[in-house]
Amino acid sequence: MIQEVMQSLVKLIRGALLPFTISEEDLKQYGGWELKSELSGPWLAHVVKTVRLSYESLTALEIPNDMLQSIQDLILDLRVRCVIVTLQHTAEEVKRLADKEDWVVDNEGLTSLPSHFEQCVLQSLQSLKGVLECKPAEASIFQHQRTQDDVCLLCINIIQAFISTLEYLSTKPDGEVDTKHIHEEPAITSEKRLLIVLSNCRYLGRHTLLNIAEHFEKHAFQGIEKITQ
């Protein structure tokens, strides 16, 4: 009786949030949520927290571990999904960083853009802290090679998204540059923009990317060598 209720719980959650993990037959009964917009990373993190509490409550009832395995599998799949959705969203955020470029240069010849980029990645990783950490009896989300590869690729996509942003800023025509918030210089030349972007690139290679790789390592990401390469 208990097992049946738990199986229903697992299938209902999978049908709503992870429809690609259940059979077509089960999808007819437990699916049908596809038209709704996908949950964000923070919402999925909240779901992970809630399902973990359910698991803890069931463990306290001394239900045999093998009966609880389906809930453990669900938690692992939700954690992986949360990480993937968060990293995808981070890449989208990074693409929008071009709008934050104000072309104001500091003493080192840098704008605030590399710092914005690092903060964006760091905030994303901090939001995943609870999801990445393993609770008692939980497995690492990186235990499967495929997850490692998927996450590694998404991390590389985030970096490539920023490189595309820099390329866009260095090559877009003069008319497209928003200089209304630059008081000292009403019109910034394309040559000067290119020099500023090159200066940011130099800093990115020597500092920012190494810092980001360090953040990934601190959060126990696998395949850091591939990312830094």
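Each value, and the rule that gives it
In this numbering scheme, every chain counts its residues from 1 along its sequence in written order. Since the coordinates come from a predicted model, pLDDT governs what is reported: local features require at least 70, and pairs of side-chain atoms require 80 or more to be given and counted, while whole-chain, interface and lining totals use all residues. Only hydrogens and water are set aside; all other atoms, that is, all heavy atoms of the structure, feed into the side-chain values. UniProt positions are given in the numbering used here, feature names are shortened, and annotations may be inferred rather than shown by experiment. Only DSSP runs of H or I reaching four residues or more are called helices, and only runs of E reaching two or more are called strands; each is numbered from the N terminus. Note on definitions: a residue-residue contact is assigned when non-hydrogen atoms from the two residues lie within 4.5 Å. The working definition used for a salt bridge is a side-chain nitrogen of Lys or Arg within 4 Å of a carboxyl oxygen of Asp or Glu. For the exposure calls, accessible area comes from a 1.4 Å probe over protein chains only, and a residue counts as buried if that area is under 20% of its type's maximum, exposed if over 50%, partly exposed in between. pLDDT expresses, on a scale from 0 to 100, how confident the predictor is about each individual residue. Every angle, taken between N-to-C directions, lies between 0 and 180 degrees, and every axis is a line fitted to C-alpha atoms, over only the stretch in contact when it is a helix. Relative orientations are named as follows: roughly parallel for angles under 35 degrees, roughly antiparallel for angles over 145 degrees, roughly perpendicular for angles from 65 to 115 degrees, and oblique for any other angle. Take the far helix as your reference; a near helix turned counterclockwise from it by less than a right angle gives a left-handed crossing, and one turned clockwise gives a right-handed crossing. For this scheme, ten residues count as nonpolar: Ala, Val, Leu, Ile, Met, Phe, Trp, Tyr, Cys and Pro. Four count as charged, namely Asp, Glu, Lys and Arg, and the remainder, Gly too, count as polar. By nonpolar core is meant a set of buried Ala, Val, Leu, Ile, Met, Phe, Trp, Tyr and Cys residues that side-chain atoms within 4.5 Å join together. Stacked, edge-to-face and tilted are the three classes for Phe, Tyr and Trp ring pairs, Trp counted by its six-membered ring, which pair at centre distances within 6.5 Å; planes under 30 degrees apart are stacked, over 60 edge-to-face, the rest tilted.

- You'll find the protein entered in an unreviewed UniProt entry as Exocyst complex component 2, with Staurois parvus given as the organism.
- Looking at the protein in UniProt, the text filed under Function (unreviewed entry) is "Component of the exocyst complex involved in the docking of exocytic vesicles with fusion sites on the plasma membrane."
- As its UniProt record puts it under Subunit (unreviewed entry), the protein is described as follows: "Component of the exocyst complex."

**Things to note about the side chain of histidine 215**
Part 1: For histidine 215, the location among the structural elements is in helix H8 (residues 190-218).
Part 2: The residues touching histidine 215, leaving out its near neighbours within four places in the chain, are Glu118, Leu122 and Leu125.

**Regarding the pattern of salt bridges**
Part 1: Counting across every chain of the model gives 6 salt bridges.
Part 2: Here lysine 95 makes a salt bridge to glutamate 92, at a shortest N to O gap of 3.3 Å. Highlighted residues: lysine 95 and glutamate 92, both in helix H4 (residues 65-95), separated by 3 residues, approximately one helical turn.
Part 3: Looking at lysine 95, the relative accessible area reads 48%, which means it is partly exposed.
Part 4: Residue arginine 146 is joined to aspartate 150 by a salt bridge in which the shortest nitrogen-to-oxygen separation is 3.9 Å. Of this pair, arginine 146 and aspartate 150 both sit in helix H7 (residues 145-171), 4 residues apart, which is roughly one turn of the helix.
Part 5: According to the relative accessible area criterion, aspartate 150 is partly exposed, its value standing at 30%.
Part 6: Each of the salt bridges in this network shares a partner with another, and the network as a whole consists of Arg52, Arg79 and Glu138.

**Digging into the confidence of the model for the protein**
Part 1: Here the protein averages 86 in pLDDT, and 92% of its residues register 70 or above.
Part 2: Within the protein, helix H2 (residues 24-30) has the poorest average pLDDT of any element, 76, and helix H5 (residues 113-127) the best, 94.

**Description of the packing of H5 against H7**
Part 1: H7 packs onto H5 with a crossing angle of 155° between their chain directions and a minimal axis gap of 12 Å. Looking at the two axes, H5 sits roughly antiparallel to H7. Of the two possible hands of crossing, H5 and H7 adopt the one that is right-handed. Contacts between H5 and H7 involve Leu113, Pro114, Phe117 and Val121 from the former and Ile158, Ile159, Phe162, Leu166 and Leu169 from the latter.
Part 2: Taken together, the residues of the contact of H5 with H7 break down into 9 nonpolar, no polar and no charged.

**Some points on the nonpolar core**
Part 1: Membership of the largest hydrophobic core comes to 44 residues, with the highest contact counts inside it found for Val83, Leu87, Val94, Phe117, Phe162, Phe216 and Phe221.
Part 2: Among the secondary structure elements, those contributing two or more residues to this core are helix H3 (41-60), H4, H5, helix H6 (129-132), H7, H8 and helix H9 (224-228).
Part 3: For this core, the leading source of residues is H7, giving 10 residues.
Part 4: Formed by 17 residues, the second largest nonpolar core is a distinct cluster that contains Met6, Leu17, Val48 and Ile63.

**Overview of the side chain of serine 170**
Part 1: Its place among the elements puts serine 170 in helix H7.
Part 2: Relative accessible area serves as the criterion here: at 14%, serine 170 is assigned to the buried category.
Part 3: Contacts of serine 170, omitting those with residues within four sequence positions, involve Leu194 and Val197.

**Concerning the packing of aromatic side chains**
The geometry of an aromatic ring pair is captured by two quantities: the separation of the ring centres and the angle between the planes.
Part 1: Summed over the entire model, instances satisfying the criterion amount to 3 aromatic pairs.
Part 2: Their ring planes at 55° and their centres at 5.4 Å tell us that phenylalanine 142 and phenylalanine 221 sit as a pair that is tilted. With phenylalanine 142 in the loop between H6 and H7 and phenylalanine 221 in the loop between H8 and H9, the pair connects residues that are 79 residues apart, well separated along the chain. For the residue pair phenylalanine 142 and phenylalanine 221, the accessibility class agrees, reading buried in each case.
Part 3: Between phenylalanine 216 and phenylalanine 221, the aromatic rings sit 5.1 Å apart at their centres with planes inclined by 40°, giving tilted as the arrangement. The exposure classification of phenylalanine 216 matches that of phenylalanine 221, with both residues buried.
Part 4: One aromatic cluster is present, formed by Phe142, Phe216 and Phe221 through successive ring pairs.

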